[in-house]
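# Coordinates in review
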Amino acid sequence: MGRNERPQRVLTRAAELFDLPADIVAGLCHLEGHGGILSYGTESIDVSAGTLILRVRGEELTLRSMTDAEVRISGRIDAVEFVR
């Protein structure tokens, strides 16, 4: 087993044990039913969520993909919070 394979196996096993979505374990934030990106930066991304704003905070954040139905954000995610 290579040096980088062990952490991935541990993450995969944790996802199975705790029934976590693979996207989250892989460091991706997966948002469904959004209303669009309101602001975008490497430390904060704001997504419209109806009457509230969903703010993703962290470091080296990037928008991996976006469709009408979902947004995928990667990077070191420190917090996901609703703001008014």
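Above this text you will find the structure in question.
### Some thoughts on the nonpolar core
Grouped burial of nonpolar side chains is what soluble globular proteins tend to show. By size, the foremost hydrophobic cluster in this structure holds seven residues: Ile-45, Val-47, Leu-54, Val-56, Leu-61, Val-71 and Ile-73. At three residues, strand 4 (residues 52-66) tops the list of elements feeding residues into this core.

### Section: a nonpolar patch on the surface
Nonpolar side chains collect at one region of the surface, where Tyr-40, Leu-63 and Met-66 lie side by side and expose about 290 Å² of accessible area between them. Considering the arrangement of structural elements, one finds Met-66 in strand 4. A relative accessible area of 46% means that Met-66 is categorised as partly exposed.

### Section: the pairing of strand 5 (residues 70-83)
One ladder, built from eleven bridges, connects strand 4 with strand 5; its direction is antiparallel. Note on strand 5: the bridge partner recorded for Thr-62 is Ser-74. Linking strand 4 back to strand 5 in an antiparallel pair, the connection comprises three residues.

### Remarks on the environment of Ile-37
Looking at the secondary structure, you find Ile-37 in strand 2 (residues 37-40). Note on Ile-37: relative accessible area 27%, which makes it partly exposed. Along the backbone, Ile-37 and Leu-63 are 26 residues apart, and their C-alpha atoms lie at a distance of 9.8 Å. Dropping the residues within four chain positions of it, Ile-37 is found in contact with Ile-45, Asp-46, Val-47, Leu-63, Met-66 and Val-71.

### Section: the pattern of salt bridges
Scanning the entire structure with this criterion turns up five salt bridges. Of the charged contacts, one joins Glu-59 and Arg-76 as a salt bridge, the two residues approaching to 3.4 Å between their closest N and O atoms. In this pair, Glu-59 is assigned in strand 4 and Arg-76 in strand 5, connecting sequence segments 17 residues apart. Relative accessible area serves as the criterion here: at 37%, Glu-59 is assigned to the partly exposed category. Each member of the salt-bridge network shares a partner with another, and the members are Glu-59, Arg-76 and Asp-78.

Thresholds, definitions, all that
Residues numbered from 1 in each chain as written. Predicted model: local features only at pLDDT ≥ 70, side-chain atom pairs only at ≥ 80, totals over all residues. Heavy atoms only, no water. Core = buried A, V, L, I, M, F, W, Y, C linked by side-chain atoms within 4.5 Å. Buried < 20%, exposed > 50% of the residue type's maximum accessible area, 1.4 Å probe, protein only. Helix = DSSP H or I, 4+ residues; strand = E, 2+ residues; numbered from the N terminus. Patch = residues over 30% accessible without salt bridge, like charges linked within 9 Å, V, L, I, M, F, W, Y side chains within 5 Å. Areas by Shrake-Rupley, 256 points an atom, 1.4 Å probe, with all protein chains shown as cover. Salt bridge = Lys/Arg side-chain N within 4 Å of Asp/Glu carboxyl O. Pairing = 2+ DSSP bridges. Contact = heavy atoms within 4.5 Å.

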